[in-house]
Amino acid sequence: MAIVINGTNYPLPDDPRVSLLDFLRERLGLTGTKLGCNQGGCGACTVILDGTRVLSCLTLAVQADGRDVLTIEGLASDQSGLHPLQQAFIDHDGLQCGYCTPGQICSAVAMIGELRRGDPSYVTADLVEGPKGGLRQEIRERMSGNLCRCGAHNGIVAAIEQMLNGEAP
Amino acid sequence: MRSFDYRRAADRTEALSIAGEGRARYLGGGTNLVDLMRQNIEAPAALVDVSRLPDSIEETPTGGLIIGAAVSNSVVAVHPAVRTQYPMLSRALLAGASAQIRNMATIGGNILQRTRCAYFYDVAGSRCNKREPGAGCDAIDGHNRYHAIFGASERCIATHPSDMCVALAALDATVHLLGPGGEREVRLLDFHRLPGEHPEIETVLRPGELITAIELDPSAAAANSRYRKVRDRSSYAFALVSVAAGLEVVGGRIEDVRIALGGVAAKPWRAVRAEGLLRGQAPTRARFLEAADAELAAAKSFHGNAFKVELAKRTVAAVLGELTGADA
Amino acid sequence: MSKLQNAIVGGVRTAMGYVPGNWLPGGTPDPLIERRVTLGTQQSRVDGPDKVRGAAHFAAEVPMEGLLYAACVHSTIPRGRITELDVAAAETAPGVALVMTHRNAPKMAVPPPIGLTNLKAAGNNILPVMQDAEIRWNGQTVAVVLAETQEQADLAASLIKVGYEAAVARTRFEKAKADARTPDSLMIEKNRLKKGDVAVALQAAARSVDAIYRTPWHNHTPIEPNAATIAWKGDRLTVHDATQMLNGTAGSLAKVFGIKESQVYVSSPFVGGGFGGKALWDHQILGAAAAKLAGRPVRIALSRASMVRLIGGRSPTEQRVALAAAADGRLKGLLHHGFSVKPPHSACDEAFTLTSRSLYASESFDVVQHTIDLDVLANTFMRAPGEAPGTFALESAMDELAHELGMDPIELRRRNVPDRNPVSGAPHSQSDVMLAYDLGAKRFGWDRRAAAPRSRREGEWLIGMGCATGSFPYARMPGMTVRITLDGSGHATVSSAAHEMGMGTATVQRQHTADRLGLPLESVTVTIGDTSLPFGSFAGGSSQTASLGAAINAASGKLAVELLRLAGNDTPLAGLRPAEIEFVNGGLRKIGEPSRYESFVSILKRAARDQISVTGVSSAPLEMLKFSMHSRSAIFCELLVSDVTGEVRVDRLVGCFDCGRILNPKTAASQFRGGMIMGIGMALTEEALFDERTGRVMSASIADYHVPAHLDVPDIDILWTDIPDPRTPMGARGIGEIGITGVAAAIANAAFNATGKRVRELPLTPDKFLFA
Ligand SMILES: Cc1cc2nc3c(=O)[nH]c(=O)nc-3n(C[C@H](O)[C@H](O)[C@H](O)COP(=O)(O)OP(=O)(O)OC[C@H]3O[C@@H](n4cnc5c(N)ncnc54)[C@H](O)[C@@H]3O)c2cc1C
Ligand code: SF4
Ligand code: FES
Ligand code: FES
C-alpha cells in the first residue's frame, strides 16, 4: 500500500485514523496544505486527488491508497518556480494572510478543468447547455467551498479569470 | 476517534462478507462518517470502503436510469442524461455542500448522511435522544432554526440535511439494497423514518445491508423540473427550506405534478396533499399558493423556525410558477 | 480605564490646548508626504511567493523533536464546581503522556490584562487558569491531554469523566440588564457625555427618530485556528504562536510563570488572520504548563469547537439611537445609549458609542453605554471594536431620519458634518468625509437611486441602494521600536517585533524605509515577527503602520547623526548639522546644495565599518490629544432582495475612504475590501449561537457560523481621497479596521430602499424580510 504524492511514493500510515491532511502535515512535513477546521467546512485542506479536488481533512490516508495526490508543493514544475496561477494570485493580490491560499489555488486549478469541460454549476442558467457567460458568478459559486476570512475574494476571482481567459495552465 | 480496521472491498459480495464479520460500517466518501467518528458520535469497529466499487450510471430498459451507489455526487450532477431528463436532481446535487465535497461524496453516503443538529454534534455538552436514546432533546427549547416543521416528535425535531434526497423523493426513486438476506428494493420515500419514539433509528436499512443503486423512472414531469434551495448563506450552506418540483401540463391542465420539500423534516417531505389539489387543475399562481397553503396547514413549528411555514409556502408556489412560466 | 487615567488624559488635553499645533510631533508635516518615491506605488507583497507556494510557516507547523499533541476537555456547565474528575481511562489510553487538571497543574499567576497603557500584557480572560475546581464559564478547560499523536490525544480526552455541582449562573442578556454597570470610561474617553438637553430637543424637533438596534455575538473565525508550538529549555520558554501581540504575550507568560520577560521567546512571523482574536488566551498558558509538566514540547492547535470555548468574540449589543432634527436636517439632539456584555474578567470595551461623539455636529448630546455581567468567556476586540456595531446603529438611524425628512441621505450628512470635534472642539488633523461621499457617489451612480422604497424590481427581486458612513479613530502606539542596520554595501535592514497577518506590514515598511533613507526598494529588507527583535506594540487599533512609521522616522534621525559623526571632517558633509541634511541616492546631502553629498557606502568604508545600527522609538502620541483624528468612509451598496424568500444578494459595493495618504494602493485596497467583506458577513450572515439556558456556544463548527463565501462577495470598488494627514508619519492613518464600519448600515439601508422594511437586528437573514 502506498500513495504517490507530488510524484514521490510514500508508504501509508499504519493507523487508519490518520487523515490524508495529518499524513501530509504531521508525518511528511508537507505543511503547505492547511488545516482550517478538520470538518469539511473551510476548504483550506484542498488537494488534487487523481485530478479532482477533494478535502484532505475528511479523506483517510488509507483511502488514497494507490492514488496520485497533488499538493501545493507539487504544483509548480520546479521547486523555486511558480505555477502561472500562483503568479496570478500575487499579481492580483488574491491573498492576505496566506492561510487559505494553498487551498484556494489547488481548488482553482482543478476547478478550471471542470469549467472547461462544460460542467454546470448551481448558478448555470441552462443545465444542458452548460456554463455560458456570467463567468465571475460561475467562478464564485464554484470556489465557494474555499472560505477566505481576510477577504481576498476579488483578487482570487480576478486571478482565476485571467487564467481562464489566457493560457492553459 | 476510536481505532478501527480498514478494509477495501473489491466487489459487493466481498463488501457484504467483510461487513458481516462484526461491528462494521460501509465507507463512501467519508465526508459525513469520518467527521462523525472524529466527533466520537460514531465508533464503528471496522470500515468497509465501498467507494471504489465499480459503479456507473446506466440506462434501464424502460428508459430510466440506474445509478450505482458508489458514483460520486458530482459525476451524477453533470451526467448528460441527468441534466436533460432529471434537471431537479442535477441541480439539487449542485446545491449541496461544495465542489470538493461533491467530488468525494457517494450517492449511498448522501442518502445516509445524518442530521446537522448542533445539539446532536455536541457530544460532551448537550442532551440528544438521537445520540443517546432517552437522554432528552436540547433542541426543542433551544436553537432550532434548522429544525423540522413536519413529522417531528417529542423526542426529536431534527431534519435530514440532504438536498439530493429531496429531488429523489419528488422523482419517486427506488433504492436498491443488497443484504445478507439478498436483494430488495425500497422506495426512497419509505427509506427514511420519522423520529417517533426512536429518533436513533433513521432508516429502514437492515444491519449489514448495502445500498447498491438508485433507480429513476422517466417522466415528463421529471424532465420539466427544478430545484430551489433557500439558505442563510448564498452557497456552501445547508437549506432552511428547499423545494424540488416537476410539472407536466397537458391541454392547460396539470397532468402530473411532483413536489418535495427539504429542510423541513427528518426525511425529504413529499407534498402529497398539494399534489392532489393540483392534479387536473389549471396551472395558475392562485392555485399554486392555495395548494402550498393546504400542504403547510399541517406544519407545526417551534420558536426558532416558525418562518419556515411561510417560506416553504412561497417557495413552492414560486418554483411551480417558474415551471409554468407563471410569475411568482 | 480608571478615573485617574481619565483625569490624566483630560489634563494633558487641557494643557495641550495652549500649545501651537506645530509644536507637536508631526507638527511640521513629515517631509515624506511631499517626497514620495515608492510610497504610493503598487507593490506586490514581499511574502507573496512564499504564501502561494505554501512555504510560509505558521505556528502549528514548526517541527520539533519529541513533540506531544494537546487536546482540551471543556466544562459543560457555566458556573459551579468540579466534584468528580476521572482521568484513569485517559491516562492509560494509548500514546498518552500526560493528563493535566487543576489537581496537578503548576502554580500560575492570573494573566495581566491587555491595556492601552501596558503593552507587555496581552491577557483577555483575566481569571485563574486551571488553579482550582471552580467553573466560571461554559467551556472552561477542565483537563488537557498530551499524547504522541493528535488522534490519540483527542480520543483520550473523550474518555475523561467530569462531574459538577452546578451553581446559579447568569447567562441571559435581557435579565442581566437590570444589574448593568455604567463604567466611568471607555477606552480613553469618558463614558457619559451630556451636552445640552436631548430630551427637550426631541420634543421640539421638526422630525425625529428613536429606535433600538441589535447586533449578536460575533466570532473572528480566522481560517488559521489559534495554535501554538511550545517548548521549555530549563527556565526558558519558547512559544511559536499565532499572535498579534508578540511582546504582550511574552510579558504575560513571564508574569504567569514567574520568570523574566527575557526568558520568554515568542515567534509569529505569519499569522493566518487575526482580527483581534489572536492574543493571549488560556491555550498558550495551558500548553506551556503541560509542556513543563511533561518535560517535552507541546503543540496545542485548537479545534473549532475549542476555539468557541476559549477564544472570546465580539459582544452582542443593544443600542438605542434617537435623533432630533430641524426641518433643514440639522441635528438638534443625538442620543446613543446601550448595552454590551463585559464581565469583570474582560479587558475589552465594546465602545459602540464612540463614533456618535465625533461624527456629527449636534446641538445636544446624550451618550452613555452600560455593561452587562454574565458568566461567560470574556468578550474581546474584533475588527473595529465599537465602531462596527456602533455605526450600524447610528448610520441606520441617520437613514431613517433622512427618510422621515424626505431628504437625500447624503445631503443629510452634508448638513451635519462638523468642521471640528463637536464635543471637545479640537480641530481635525485632516477630515473630508464629504469628498469621500462625492467621489463615491459618482463612481456608484447614486443619482440613479429611487428615493421611494420598493420602486425597483426585476422579476421577484426588489432592488435597492443605500449608503452609510464608516469611521475609525487614528491611533499610534508609543514605545514601538525599530532597529535599522546599514551595511557596507548600503543595504538597510529594518527589524522590529511587528506582526504580519495579511496587512502587508513588511511590504509597506520596506517602501517607507526606502523613501525615508533614499534607497531603492531592493536595498531594504524588513524583518519582523519575533521577540528577539526590538520591542513591538500590538497589531491592533489600526495602529501598527503609524507606530512603525514613527519608529522608523525616529531611527532615521539617529542614523543621520551617526553617519555625520562617522563621516567626520574629510567629507563634503563636513560641519553640517542633522537638520541641514537629507537622505537621498543612497547617501546624505545638504538640503539645497546637491554637490555636498556622500554615499553610505563611502562613509562606512572610510570609517572602516562593515555596518552601523541605530534604534528608534515611536514617541508619545501627543498628536492624538491635540487633534481630533479619525478615518472616515462613505460606503455604497446596491442589492437585491427576493420578494419571495427574503434572501439578500449584495450586487455592488463601493467604498471611498478618507484615511490620509495611501502608502501601497495594492495592499491597501485589499485591506479595505477585506474589512468590507467582513461587513457583508456582519450584515447578512454572521451570528454566533449562544444558548442562553446554559451559556454554551452552539455554533461550534465553522459550518455553523456563516462567514461570507465567494458567492456572497461582489466586485467591490475602492476609492480614496488620498489627502495626507499633516499630523501623522507619512501622512497616513490606519486602514485595517475602518473597512468593516458602515457596511452593515449601508446594506440594511439599501435593503430598506429595496423592500420598505427596516430591519434593526443583525444579521439580515431571509426570515427577517418575510413578514411586512
Ligand atoms: C461542510 C459540509 C457541508 C455540507 N453541505 C451539504 C449540503 O448543503 N447539502 C447536502 O445535501 N449535503 C451536504 N453535506 C453532506 C454531504 O452531502 C454528505 O456528507 C455526503 O453526501 C455523504 O456521502 P459520503 O459518500 O461521503 O458518505 P460517508 O460519510 O462515507 O457515509 C455516510 C453514511 O453512509 C453509509 N454508507 C455509505 N455508503 C453506503 C452504502 N453504499 N451502503 C450503505 N451504507 C453506506 C456510511 O456507513 C455512513 O453511515 C455537507 C457536508 C459537509 C461536511
Ligand atoms: S433534535 Fe434530534 S438530533 Fe437534535 S438534539 Fe433533539 S434529539 Fe438530538
Ligand atoms: S480543514 Fe478540511 S475543510 Fe477545513
Ligand atoms: S488570505 Fe487570509 S484567509 Fe484568505
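One numbering rule holds for all chains: residues counted from 1, following each sequence as written. Each chain gets a letter, beginning with A, and each ligand a number, beginning with 1, in the order they are written. The predicted nature of this model means local features are confined to residues of pLDDT at least 70 and side-chain atom pairs, given and counted, to a pLDDT of 80 or more, with totals for whole chains, interfaces and linings taken over all residues. Based on all heavy atoms of the structure, the side-chain values leave hydrogens and waters out of the count.

Outline the environment of Arg285(B), listing residues and values.
All names here are of chain B. Relative to the assigned elements, Arg285 resides in helix H13 (residues 285-296). Between buried and exposed lies partly exposed: a residue is buried under 20% and exposed over 50% of the maximum accessible area for its type, with that area taken using a 1.4 Å probe on protein chains only. Given a relative accessible area of 40%, Arg285 falls into the partly exposed group. When the C-alpha positions of Arg285 and Leu320 are compared, they lie 8.2 Å apart, and in sequence the two are 35 residues distant. Runs of H or I in DSSP of at least four residues are treated as helices and runs of E of at least two as strands, each being numbered from the N terminus.

Go over the packing of H13(B) against helix H14 (residues 307-324) of chain B, please, and point to the residues and values.
Helix-helix packing is characterised by the crossing angle of the two axes and by the distance between the axes. Residues and elements named next belong to chain B. Their axes nearest at 9 Å, the elements H13 and H14 cross at an angle of 145 degrees. For the pair H13 and H14, the sense of crossing is right-handed. Between H13 and H14, the residues in contact are Phe288, Leu289, Ala292, Asp293 and Leu296 and Val309, Ala312, Lys313, Val316, Ala317, Leu320, Gly321 and Thr324, respectively. Counted by class, the contact of H13 with H14 contains nine nonpolar, two polar and two charged residues. Every axis corresponds to a line fitted to the C-alpha atoms, with the helix fit spanning only the stretch in contact, and the corresponding angles, defined between N-to-C directions, vary from 0 to 180 degrees. Crossing handedness follows the turn of the near helix against the far one: under a right angle anticlockwise gives a left-handed crossing, and clockwise gives a right-handed one. Any two residues having at least one pair of non-hydrogen atoms within 4.5 Å are treated as being in contact. We call Asp, Glu, Lys and Arg charged. Ala, Val, Leu, Ile, Met, Phe, Trp, Tyr, Cys and Pro are nonpolar, and the rest, Gly among them, are polar.

Outline the side chain of Asp35(B), listing residues and values.
Here Asp35(B) is to be found in helix H2 (residues 33-38). Asp and Glu count as negative and Lys and Arg as positive, but His and the ends of the chain are not part of the count. Salt bridges, as used here, are contacts in which a Lys or Arg side-chain nitrogen is within 4 Å of a carboxyl oxygen on Asp or Glu. For the buried residue Asp35(B), which engages in no salt bridge, the nearest side chain bearing the opposite charge is Arg116(B), 4.1 Å off. Those residues within four positions of Asp35(B) in sequence are excluded, and the remaining contacts are Gln39(A), Leu58(A), Gly30(B), Arg116(B) and Tyr121(B).

I'd like to hear about the domain arrangement of chain B, residue by residue, with values.
These domain boundaries are the output of an automatic or database domain assignment. Parsing chain B into structural domains produces domain 1 (5-51) and domain 2 (226-324). The centre of domain 1 of chain B, based on its C-alpha atoms, is set 36 Å off from the matching centre of domain 2 of chain B.

How would you sum up the interface of chain B and chain C? Please name residues and give values.
Counting residues at the interface gives 33 residues for chain B and 34 residues for chain C. Summed over both partners, the accessible area lost on bringing two parts together, with a 1.4 Å probe, is the buried area. In total, chain B and chain C occlude about 2,700 Å² of area from one another, counting both sides; carbon and sulfur atoms represent 57% of this. Across the contact surface, chain B and chain C share four salt bridges. Two residues, Arg228(B) and Glu647(C), come together in a salt bridge whose shortest N-O distance is 3.6 Å. The term polar contact refers here to a pair of N or O atoms within 3.5 Å; inside protein, the definition further demands a hydrogen-donor-capable atom paired with an acceptor-capable atom, and it admits residues adjacent in sequence only when both atoms are side-chain atoms. Across the chain B-chain C interface, the total number found is 12 residue pairs in polar contact (both at pLDDT 80 or more). Of all elements in the fold, only helix H8 (118-121), strand E9 (225-231) and H14 of chain B reach the threshold of two or more residues within the side of chain B that touches chain C. Here the side of chain B that touches chain C takes seven residues from H14(B), the largest share from any one element.

Which residues make up the domain arrangement of chain C, and what are the values?
All names here are of chain C. We note that the domain assignment places domain 1 (59-168 + 225-273 + 278-310), domain 2 (186-217 + 314-475 + 625-769) and domain 3 (476-620) within chain C. Computed from C-alpha atoms alone, the centre-to-centre distance between domain 2 and domain 3 is 39 Å. Each side of the interface is counted separately: domain 2 has 13 residues, and domain 3 has 17 residues. With both sides pooled, the region where domain 2 packs onto domain 3 buries about 1,200 Å², and carbon together with sulfur makes up 58% of that total. Of all residues in domain 2, Ala475, Pro729 and Met730 give up the largest surface area on contact with domain 3, accounting jointly for 42% of the area buried on that side. Summed over the shared surface of domain 2 and domain 3, the number is zero salt bridges. Where domain 2 meets domain 3, there are four residue pairs in polar contact (both at pLDDT 80 or more).

With reference to specific residues and values, describe the packing of aromatic side chains.
All names here are of chain C. The criterion for an aromatic pair is that two Phe, Tyr or Trp rings (for Trp, the six-membered ring) have centres within 6.5 Å, with stacked assigned to planes under 30 degrees apart, edge-to-face to planes over 60 apart and tilted to the rest. Tallying each qualifying case throughout the model produces 14 aromatic pairs over all chains. With centroids separated by 6.0 Å and ring planes inclined at 85 degrees, the aromatic side chains of Tyr213 and Phe392 adopt a geometry described as edge-to-face. Here Phe392 lies in helix H10 (residues 387-405) and Tyr213 lies in strand E10 (residues 207-215), a separation of 179 residues in the sequence. With a relative accessible area of 0%, Phe392 lands in the buried category. Taking 6.3 Å as the distance between ring centres and 40 degrees as the angle between the ring planes, the aromatic pair formed by Phe444 and Trp446 counts as tilted. Residue Trp446 is classed as buried on the basis of its relative accessible area of 8%. Members of the aromatic cluster, connected to one another through ring pairs, are Tyr437, Phe444, Trp446 and Phe636.

How would you sum up the pairing of strand E11 (residues 253-262) of chain B? Please name residues and give values.
All names here are of chain B. In terms of burial, E11 is a largely internal element, eight of the 10 residues being buried. Only strands that DSSP links by at least two bridges are regarded as paired with each other. Where strand E10 (residues 239-250) lies against E11, nine bridges are found, and the strand directions are antiparallel. Bridge pairing links Ala245 to Ile259 in E11. Here E10 folds back onto E11 in antiparallel fashion, the turn holding two residues, of which Gly251 has a positive phi close to 55 degrees. Sheet topology note: the E11/strand E12 (residues 269-270) ladder contains two bridges and is antiparallel. Its bridge partner lying in E12, Leu261 is registered against Trp269. Adjacent in sequence and paired antiparallel, E11 and E12 are bridged by six residues, among which Gly263 carries a positive phi angle near 75 degrees.

Before we move on, could you go through the site of ligand 1 and cite the residues and values that matter?
All names here are of chain B. In the region of ligand 1, 35 residues are neighbours, and Arg25, Tyr26, Gly29, Thr31 and Thr106 sit closest. A distance of 2.5 Å separates an oxygen atom of ligand 1 from a polar atom in the backbone of Tyr26. Starting from 970 Å² of accessible surface for ligand 1 in isolation, the protein chains cover 97%. Of all the elements in the fold, those that place two or more residues in the shell around ligand 1 are strand E2 (24-27), helix H7 (107-112) and strand E8 (210-216). For the shell around ligand 1, a count of residues per class yields 14 nonpolar, 16 polar and five charged. Whether a residue is near a molecule or strand is decided by its heavy atoms; if any one of them lies within 4 Å of it, the residue is near. The Shrake-Rupley method, run with a 1.4 Å probe sphere, supplies the accessible areas, and residue values consider only the shown protein chains as cover.

Describe the pattern of salt bridges, naming the residues involved and giving the relevant values.
Evaluated as defined, the whole model comprises 84 salt bridges over all chains. For Asp55(B), the salt bridge identified is with Arg12(B), shortest N-O distance 2.9 Å. Of this pair, Asp55(B) sits in the loop between strand E3 (46-49) and strand E4 (57-59) while Arg12(B) sits in helix H1 (residues 12-19), and the two are 43 residues apart along the sequence. Its relative accessible area of 32% is what places Arg12(B) among the partly exposed residues. Because the salt bridges share partners, they merge into one network encompassing Arg226(B), Arg228(B), Glu322(B), Glu460(C), Glu647(C) and Arg649(C).

Residue-level account of helix H5 (residues 87-95) of chain B, with values.
For H5(B), the tally of buried residues reaches nine of nine residues, placing the bulk of the element in the interior. Restricting attention to buried positions, one finds in H5(B) the residues Pro87(B), Met88(B), Leu89(B), Ser90(B), Arg91(B), Ala92(B), Leu93(B), Leu94(B) and Ala95(B).

Residue-level account of the interface of chain A and chain C, with values.
Across the contact, 53 residues belong to chain A and 57 residues belong to chain C. Interface of chain A and chain C: buried area, both sides summed, is about 4,200 Å²; carbon and sulfur atoms make up 55% of it. Joining chain A to chain C, the criterion identifies eight salt bridges. Scanning the region where chain A abuts chain C turns up 28 residue pairs in polar contact (both at pLDDT 80 or more). Among the secondary structure elements, those contributing two or more residues to the side of chain A that touches chain C are helix H1 (20-27), helix H2 (84-91), helix H3 (101-117), helix H4 (135-142) and helix H5 (153-165) of chain A. When grouped by side-chain class, the residues that make up the side of chain A that touches chain C number 22 nonpolar, 19 polar and 12 charged.

Tell me about the packing of helix H17 (residues 665-684) of chain C against helix H18 (residues 743-755) of chain C, and name the residues and values.
All names here are of chain C. The contact between H17 and H18 brings their axes to 8 Å, and the two run at 55 degrees. Relative to H18, H17 is oriented oblique. With respect to the hand of their crossing, H17 and H18 are arranged in right-handed fashion. For the pair H17 and H18, the contacting residues are Met676, Gly679, Ile680, Met682, Ala683 and Leu684 in the first and Val743, Ala744 and Ile747 in the second. Its residues assigned to classes, the contact of H17 with H18 shows eight nonpolar, one polar and no charged. Orientation labels follow simple angle bins: below 35 degrees gives roughly parallel, above 145 gives roughly antiparallel, 65 to 115 gives roughly perpendicular, and whatever is left gives oblique.

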